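Structure at a glance
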Amino acid sequence: MSTVVDNIPGSVELTDSALESQMTLSMGPQHPSTHGVLRLDLKLDGELVVKSVPDIGYLHTGMEKLFEYKKYQQGIVITDRMDYLNPLGNNLAYVMAAEKLLQIEIPERAQVIRVLFCELQRIASHMVWLGTHALDIGAMSVFFYAFRQREKILNMIESASGGRMTPSYFRIGGLMMDLPAGFENRCRQFLNDFPEALNTFDTLVTGNTLWQSRTMGIGIISTEQAIDWGLTGPCLRGSGVDLDLRRDNPYSGYETYDFEIPVETDGDVWARFKVRMRELNESYKIVRQALERLKPGPVKADAPKVVLPDRNDMRTHMDSLIHHFLIVAEGFNVPAGEVYMPIEASKGELGVYMRSNGGPKPDRVHFRGPSFVNLQALPVMSDGEMVADVVAIIGSLDIVLGEIDR
């Protein structure tokens, strides 16, 4: 007699004698390889994973409820703390949702800078994924090489915004301020050095036979399963689905940039690794194009009742001083309505649902976090694998628990 342990596709079919020998193991939340406060409830038959159940909620902060008590411009700082490896992407999705309700037009220079920073942030996020994913499997050196590149990007973000991991640089209506002097030269220097770093990663990891043996054929999810479970981003493209919102539902002028969408068909840890490694090169190309497009111009929309005026204007124009006082003290009213604004974040589709009742605070804000959705497919990938491979599979999902728990 045999028993199917769970109705999840890919679950292992075991005999009654095998069921008696099962062991339940709690993996996490203190385990470093669970990438934060994730706990996995694993049912094992020896070292074989029979069933895995993600247990989340240890980092719950009630962020979506906090938005309802904050003025629209105050909510930007909350988004930094969700996926704290992609704060500028979170900023962008939130401010674009509000801009969609307000129907204000963003200046060209601000759009280009937004694209430039989002792609730099994507590279920095992938650097953390690469370094920690390598540590999970036992490769230590690449961690230091990856974080060296991330430090360069965080230094550039800090020079523009004053913050490294919580920049809050994007604003409803444009940017906090223009780029500082010397930023373009620093960015060009990074771009000149980055191709050599990519070659180093390929030497250390991609061409490493031990790495290949730990990732190839592990954690497979088919194209149909990836679609059914709602995967997006590199996890979806690693299963052969050619979908990227920057191309298929463009925003911020992405449709005018020349870049490719990396797709792999095997659906395993190796395929998801290859997609992200190729994405690094594509983001590099977009940053270089954005840098070439930078032309002098305003970085804030012409909306004095929404956008804070420049400091110099406040010193010479009374109406600018009044607008500044009213925006800071009372906020600005957003027309009643509801919108959904999705972007292609570093981990997949990051969508913001925003509903306004016509006042200075949102009536409802809900985030469709890619880490949360991608994590739900973990049982499909890990059931039937070895315990040691679960660590590699989690790393291939590139999850951040701040975005999952919220």
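Residues numbered from 1 in each chain as written. Predicted model: local features only at pLDDT ≥ 70, side-chain atom pairs only at ≥ 80, totals over all residues. Heavy atoms only, no water.

Looking at the layout of surface pockets
Cut-off, in case you're wondering: Think of a 1 Å grid over just the protein atoms. A cavity is a set of points where a 1.4 Å probe fits yet cannot get out, a pocket is an open set with protein on both sides within 12 Å along at least five of seven lines, and lining residues have an atom within 4 Å of a point. Grid points are joined across faces, edges and corners, and a volume is the space filled by probe spheres set on the points. Per the convention used, a helix needs a DSSP run of H or I reaching at least four residues, while a strand needs a run of E reaching at least two, with both numbered from the N terminus. Polarity classes work like this: nonpolar for Ala, Val, Leu, Ile, Met, Phe, Trp, Tyr, Cys and Pro, charged for Asp, Glu, Lys and Arg, and polar for all others, with Gly in that last group.
The space that makes up the largest pocket amounts to roughly 550 Å³. Lining the largest pocket we find 25 residues, and of these Arg171, Leu175, Met176, Lys300 and Leu308 sit closest to its centre. Looking at the lining of the largest pocket, the elements with two or more residues in it are helix H3 (76-79), strand E7 (174-175) and helix H14 (318-330). In terms of residue class, the lining of the largest pocket is built from 14 nonpolar, 6 polar and 5 charged.

Thoughts on the nonpolar core
Across soluble globular proteins, nonpolar side chains have a tendency to be buried as a group. Note the cut-off: In plain words, nonpolar cores are sets of buried Ala, Val, Leu, Ile, Met, Phe, Trp, Tyr and Cys residues tied together by side-chain atoms within 4.5 Å. Each residue's exposure class comes from its accessible area (1.4 Å probe, protein chains only) as a fraction of the maximum for that residue type: buried when under 20%, exposed when over 50%, partly exposed otherwise. Only heavy atoms matter for contacts: two residues are in contact if any of them lie within 4.5 Å across the pair.
Among the nonpolar cores identified, the biggest contains 88 residues, and Leu116 and Phe117 are the most heavily contacted of them. Among the elements that make up this core, the one with the highest residue count is helix H5 (residues 108-137) (15 residues). In this structure, Leu116 is in contact with Phe183, Cys187, Val287, Ala290, Leu291 and Leu294, ignoring residues within four places of it in sequence. Grouped together as the second largest cluster of nonpolar side chains are 27 residues, Met27, Leu236, Leu397 and Ile399 included.

Thoughts on unusual backbone geometry
Although it is not a glycine, Gln103 adopts a positive phi angle of roughly 55°. Despite not being glycine, Ser252 shows a phi value in the positive range, around 55°. Its location among the elements puts Ser252 in the loop between helix H11 (245-248) and helix H12 (269-293). Residue Ser252 is classed as buried on the basis of its relative accessible area of 10%.

Remarks on the sheet that holds strand E4 (residues 39-45)
Selection criterion: A pair of strands counts as paired when DSSP detects no fewer than two bridges linking them. Structural elements are reduced to axes, namely lines fitted to C-alpha atoms, with helices fitted over the stretch in contact, and the angle between N-to-C directions of any two is expressed from 0 to 180 degrees.
Here 3 strands make up an open sheet; going across it, the order is E3-E4-E5 and the pairing antiparallel. Two strands lie at the open edges of the sheet, namely strand E3 (23-27) and strand E5 (48-55), each paired on one side alone. When the angles between neighbouring strand axes are averaged without regard to direction, this sheet yields 20°. Pairing analysis gives 5 bridges linking E3 to E4, with the strands arranged antiparallel. Residue pairing in the sheet places Ser26 in a bridge with Asp41 of E4.

Thoughts on the confidence of the model for the chain
For clarity, the threshold we go by: A score between 0 and 100, pLDDT records how confident the predictor is in each residue.
Confidence in the prediction of the chain, expressed as mean pLDDT, is 91, and 95% of residues score 70 or more. Taken together, the stretch residues 1-5 has pLDDT below 50 and engages in 17 contacts with residues farther than four places along the chain or on a different chain.

Description of empty space enclosed by the protein
Applying the stated criterion to the full structure yields 3 cavities of 30 Å³ or more. The computed volume of the largest cavity comes to approximately 60 Å³. Lining the largest cavity are Asn86, Gly89, Leu92, Cys118, Glu119, Arg122, Tyr251, Tyr254, Ile343, Glu344, Ala345 and Ser346. Contributing elements (two or more residues each) for the lining of the largest cavity: helix H4 (87-102), H5 and strand E8 (337-345). Along the lines of polarity and charge, the residues of the lining of the largest cavity split into 6 nonpolar, 3 polar and 3 charged.

Focus: the environment of Arg276
Position of Arg276 among the secondary structure elements: in helix H12. Sequence spacing of Arg276 and Pro262 is 14 residues, and the spatial spacing of their C-alpha atoms is 8.0 Å. If near-sequence neighbours (up to four positions away) are discounted, Arg276 is found in contact with His126, Trp129, Pro234, Cys235, Ser396, Leu397 and Asp398.

What to know about the environment of Cys118
Here Cys118 shows up in helix H5. A sequence separation of 228 residues divides Cys118 from Ser346, and the C-alpha atoms of the two residues are 8.9 Å apart. Residue contacts for Cys118: discarding those within four places in its chain leaves Leu88, Gly89, Leu92, Phe170 and Tyr254.

Describing the packing of H12 against helix H17 (residues 387-397)
Put simply, the rule is: Note on angle classes: values under 35 degrees are labelled roughly parallel, values over 145 roughly antiparallel, values of 65 to 115 roughly perpendicular, and the remainder oblique. By convention the crossing between two helices is left-handed if the near helix lies anticlockwise of the far one by an angle smaller than a right angle, and right-handed if it lies clockwise.
In the contact formed by H12 and H17, the axes pass within 9 Å of each other and the chain directions differ by 30°. By the angle between their directions, the pair H12 and H17 is classed as roughly parallel. Viewed along their axes, H12 and H17 form a crossing whose handedness is left-handed. Residues Val269, Arg272 and Arg276 of H12 lie in contact with H17, whose contacting residues are Ala392, Ile393, Ser396 and Leu397. A per-class count over the contact of H12 with H17 returns 4 nonpolar, 1 polar and 2 charged.

What to know about the pattern of salt bridges
Here the idea is simple: oppositely charged side chains can pair when their charged atoms come close. The cut-off we apply is this: Every case where a carboxyl oxygen of Asp or Glu lies within 4 Å of a side-chain nitrogen of Lys or Arg is listed as a salt bridge.
Under the definition given, this model contains 24 salt bridges. Measuring nitrogen to oxygen at the nearest pair gives 3.6 Å for the salt bridge that ties Arg364 to Glu64. On the criterion of sequence distance, the pair formed by Arg364 in strand E10 (residues 364-368) and Glu64 in helix H2 (residues 63-67) is long-range, its members being 300 residues apart. Relative accessible area serves as the criterion here: at 27%, Arg364 is assigned to the partly exposed category. In this structure, Asp244 and Arg246 form a salt bridge, with 2.8 Å as the shortest nitrogen-oxygen distance. Each member of the pair, Asp244 together with Arg246, is buried. Connected via shared salt-bridge partners are Glu119, Arg122, Arg237, Asp244, Arg246, Glu279 and Glu344.

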